[in-house]
Amino acid sequence: MVKIGKSDVNATALGLGTNAVGGNNLFPNLKDETGIQIVKTALDSGITLLDTAFAYGMGHSEELIGQAIQGYDRSKFVIATKAAQDTSNGDVTINNNPEFLKQSVEDALKRLQTYYIDIFYIHFPDDQTPKDQAVAALNELKEAGKIKAIGVSNFSLDQIKEANKDGLVDVVEDQYSLIHRENEDVMFDYLRDNNISFVPFFPLASGLLTGKYSEVVNFPETDIRNGNPDFTGDRFASIVEKVNSLKPMAEKHGVDVAQLVLAWYIANPDISIVIPGAKHPEQVEKNAQALKVQLSDDEYKEIDNTFKNI
Ligand SMILES: NC(=O)c1ccc[n+]([C@@H]2O[C@H](COP(=O)([O-])OP(=O)(O)OC[C@H]3O[C@@H](n4cnc5c(N)ncnc54)[C@H](OP(=O)(O)O)[C@@H]3O)[C@@H](O)[C@H]2O)c1
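As the structure is a computational prediction, the values presented were derived from the model and not from experiment.

Draft legend 1. Quick peek at the overall build of the protein. Each helix and strand in the protein was counted, giving twelve helices and eleven strands. Computed over its C-alpha atoms, the radius of gyration of the protein comes to 19 Å, within 12% of the 19 Å expected for a compact globule of 310 residues. Reported as C-alpha extents along the three principal axes, the dimensions of the protein are approximately 50 × 45 × 35 Å. Burial statistics for the protein: of 310 residues in total, 44% are counted as buried. The contacts in the protein between residues at least 6 apart in sequence include a share of 75% that link residues at least 24 apart.

Now the structure itself:
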């Protein structure tokens, strides 16, 4: 089990990303029933962290998770959610105001049908709120037992430092994968020195690191991957070649490249919990096998080097 920052929250090193559970604003053709099955499959497969957000379906992902977890022992899994999107004026604006964040937690608790949220992230920074004040509001909720760990997401290093002025930030969630490694230089030293956990998003590079692509794909206009430079031109071809080069190692372990890649994050000392998303319960079942893959030091380095300087 992995401990989150300075909190008492512990979870398996593999979680479930749920932006495709009820996230109809991000992906087309999602079915609620499939979303619920995805969550149940994760919990049945020994995965103990569910990563969601208000922004996934504007509350719908949280609602489906609230339904899916009924009948499961709440003390055996961890829910992480996020907020900052203020829809009170009809548009979506980013809001880190302390009172807004406190109300966001209350609203999320209702949708999730639970008494506490294990990890609550400020999803995006706004331009006006001092970040330590936003975090101080979350600390009040932590002291009241409504949340158990404080996180920030999509914050620059300076914003993380401001948020962590009083040492209250437990975890940072930001983009990081074998093909997007900027944060190794940007924030890993600071996070390590300050006992802040790191949870990478897009760990499978939105499916590209699973080994299932050989030709350029055209995603529907309503899919967030539409226009993603990783999926186009020479960059796409180079990533696919490198991913395919891992197939013999994956076969040796009896898994697909997706699970081999997930095992690399699990073995990476700078990564706390890896949260691949899924569109089908079968993908969750397969990804859960990553917890059993033991990479040797040489295999870890080989995967690492394959994607250096991409
Ligand atoms: N904090 C933030 O701002 C932020 C931003 C983005 C994401 N997130 C979180 O991070 C999580 C992970 O990101 P993500 O889900 O967008 O991307 P990801 O984990 O990089 O990729 C997930 C996608 O890969 C495909 N896939 C997964 N397992 C597979 C398997 N075994 N075989 C073949 N294909 C497989 C599925 O898509 P297809 O079946 O369509 O290929 C799945 O939806 C999200 O769910 C969300 O919880 C947070």
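Draft legend 2. Up close: the site of the ligand. If you check the shell around the ligand, you find 26 residues, and the closest are G17, F201, L204, G207 and G277. Of all the elements, helix α11 (residues 281–288) adds the most residues to the shell around the ligand, at three residues. Counted by class, the shell around the ligand contains ten nonpolar, eleven polar and five charged residues.

Draft legend 3. Main features of the UniProt feature "domain: NADP-dependent oxidoreductase" (unreviewed entry) in the protein. Per the UniProt record, the feature "domain: NADP-dependent oxidoreductase" (unreviewed entry) sits at residues 14–305. Strand forms 13% of residues 14–305 and helix 39%; the C-alpha atoms that close the span are 23 Å apart.

Draft legend 4. Here's a closer look at the sheet that holds strand β11 (residues 197–201). Reading across from one edge, β3-β4-β5-β8-β9-β10-β11 is the order of the seven strands in this open sheet, with parallel pairing throughout. Lying at the two open borders of the sheet, with one neighbouring strand each, are β3 (16–17) and β11. Both strand β5 (residues 78–83) and strand β8 (residues 117–122) contribute to a ladder of four bridges, which runs parallel. For A80, the partnering residue across the bridge sits in β8 and is I119. Its contacts with the sheet place helix α3 (residues 98–112) against β5, β8 and β9 (147–153), and it is angled at close to 135 degrees to β5.

Draft legend 5. Spotlight on the packing of helix α1 (residues 32–44) against α11. Closest axis-to-axis distance for the α1/α11 pair is 8 Å, and the angle between their directions is 20 degrees. Between α1 and α11, the angle falls in the class roughly parallel. The interaxial crossing formed by α1 with α11 has right-handed handedness. The residues of α11 that touch α1, namely those facing Q37, I38, T41 and A42, are P281, V284 and E285. When grouped by side-chain class, the residues that make up the contact of α1 with α11 number four nonpolar, two polar and one charged.

Draft legend 6. Region of interest: the packing of α1 against helix α2 (residues 60–68). Direction vectors running N to C along α1 and α2 enclose 60 degrees, while the axes themselves pass 9 Å from each other. Classified by the angle between their axes, α1 and α2 sit oblique to one another. Judged by the sense of rotation from one axis to the other, the crossing of α1 with α2 is right-handed. Across from D32, G35, I36, V39 and K40 in α1, the residues of α2 making contact are L64, I65, Q67 and A68. Looking at the contact of α1 with α2 residue by residue, the class counts come to five nonpolar, two polar and two charged.

Draft legend 7. Region of interest: the pairing of strand β10 (residues 171–175). Burial of β10 is extensive: four of the five residues sit out of reach of the surface. Bridge count between β9 and β10: three bridges; the pairing is parallel. Note that in β10 the partner of V152 across the bridge is V172. For the crossover that starts at β9, traverses helix α5 (residues 157–163) and ends in the parallel β10, the hand is right-handed. Both β10 and β11 contribute to a ladder of five bridges, which runs parallel. Along β11, the bridge assignment pairs V172 with F198.

Draft legend 8. Molecular detail of the pairing of β9. Across the seven residues that make up β9, a large majority, six, are buried. Chirality of the crossover, the property in question, places the unit of β8, helix α4 (residues 131–143) and β9 among those that are right-handed.

Draft legend 9. Summary view of the nonpolar core. Core analysis: the largest hydrophobic core is formed by 87 residues, its most contacted members being L16, L49, L50, I65, I119, V172 and V261. No other element matches helix α10 (residues 257–267), which puts eight residues into this core. In this structure, I65 is in contact with T18, V21, V39, L50, T52, I79 and L112, ignoring residues within four places of it in sequence.

Draft legend 10. Inspection of unusual backbone geometry at higher detail. One non-glycine residue, N29, lies in the positive phi region at around 60 degrees. Assignment of secondary structure puts N29 in the loop between β3 and α1. Looking at N29, the number of C-beta atoms within 10 Å reads 10, which means it is exposed. One non-glycine residue, N195, lies in the positive phi region at around 50 degrees. Residue placement: N195 occurs in the loop between α7 (188–193) and β11. By C-beta crowding, N195 is classed as exposed, having 12 other C-beta atoms within 10 Å.

Conventions used here
Residues numbered from 1 in each chain as written. Predicted model: local features only at pLDDT ≥ 70, side-chain atom pairs only at ≥ 80, totals over all residues. Helix = DSSP H or I, 4+ residues; strand = E, 2+ residues; numbered from the N terminus. Rg over C-alpha atoms; globule rule 2.2 N^0.38 Å. Buried ≥ 20, exposed ≤ 12 C-beta atoms within 10 Å, placed from the backbone. Contact = placed C-beta atoms within 7 Å. Near = placed C-beta within 6 Å. Nonpolar A, V, L, I, M, F, W, Y, C, P; charged D, E, K, R; others polar. UniProt positions renumbered as here; feature names shortened; annotations may be inferred. Pairing = 2+ DSSP bridges. Axes fitted to C-alpha atoms, helices over the stretch in contact; angles between N-to-C directions. Parallel < 35°, antiparallel > 145°, perpendicular 65-115°, else oblique. Left-handed = near helix turned anticlockwise from the far one by under 90°. Right-handed = clockwise from strand over helix to strand, strands pointing away. Core = buried A, V, L, I, M, F, W, Y, C linked by C-beta atoms within 7 Å.

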